[in-house]
Amino acid sequence: MKKFAIAAASLFVLSGVAACGESATDKAAEKQADAIEATGEARADQLEAQAATAPTEAQKDALNAQADQVEKNADRKADRVEQQGGNADGGMTTSNTPSTH
């Protein structure tokens, strides 16, 4: 009987570990977030390239500031998408979900 109890407890623990994996919703949200970040980074790179050839220091600074803001906005949006994906499964896998605070 003792062996049965140990085996049952082991199965229970293993099933709990398996449930902690990423859900399909989490994976889809992560892919979408990665795409958002990549798009933001590409746009920021374009702005930085424009800044490098800008005729005045003020224009360079403005374009670089805009590039930074584009990246920050993309990161925030990506974090929201990942958080919503993590919350879609009832909070089962939100331990790896970024905070939007």
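Residues numbered from 1 in each chain as written. Predicted model: local features only at pLDDT ≥ 70, side-chain atom pairs only at ≥ 80, totals over all residues. Heavy atoms only, no water.

## Here we look at the overall build of the protein
When you go through the protein residue by residue, the secondary structure sums to three helices and zero strands. Going from N to C terminus, the protein has its helices and strands arranged as α-α-α. Across the 101 residues that make up the protein, the buried fraction comes to 20%. Across the protein, contacts joining residues at least 24 apart in sequence account for 52% of those joining residues at least 6 apart. Looking at the protein as shown, the accessible area adds up to about 7,200 Å², and 57% of this sits on carbon and sulfur atoms. (Helix = DSSP H or I, 4+ residues; strand = E, 2+ residues; numbered from the N terminus. Buried < 20%, exposed > 50% of the residue type's maximum accessible area, 1.4 Å probe, protein only. Contact = heavy atoms within 4.5 Å. Areas by Shrake-Rupley, 256 points an atom, 1.4 Å probe, with all protein chains shown as cover.)

## Focus: a negative patch on the surface
Among the surface-exposed residues, E41, D45, E48, D68 and D75 lie close enough to one another that they form a single negatively charged patch. Broken down by element, the residue count for the negative patch peaks at three residues, all from helix α2 (residues 24–52). (Patch = residues over 30% accessible without salt bridge, like charges linked within 9 Å, V, L, I, M, F, W, Y side chains within 5 Å. Salt bridge = Lys/Arg side-chain N within 4 Å of Asp/Glu carboxyl O. Lys, Arg positive; Asp, Glu negative; His and termini not counted. Charge placed at Lys NZ, Arg CZ, Asp CG, Glu CD.)

## Section: α2
Since the α-helix advances by 3.6 residues per turn, residues separated by three or four positions end up pointing in the same direction. Taking 1.5 Å of rise per residue, 29 residues should cover 42 Å, and α2 covers 42 Å from first to last C-alpha, within 8% of that figure. Along its buried surface, α2 packs onto α3 (57–87). (Expected span 1.5 Å × (residues − 1).)

## Looking at the environment of R43
Considering the arrangement of structural elements, one finds R43 in helix α2. For the pair formed by R43 and A67, sequence separation is 24 residues and the distance between their alpha carbons is 7.4 Å.

## A few points about the packing of α2 against α3
For the pair α2 and α3, the least separation of the axes is 8 Å and the interaxial angle reads 180 degrees. Compared by their axis directions, α2 and α3 come out roughly antiparallel. Considering only residue class, the contact of α2 with α3 consists of 13 nonpolar, eight polar and twelve charged. (Axes fitted to C-alpha atoms, helices over the stretch in contact; angles between N-to-C directions. Parallel < 35°, antiparallel > 145°, perpendicular 65-115°, else oblique. Nonpolar A, V, L, I, M, F, W, Y, C, P; charged D, E, K, R; others polar.)

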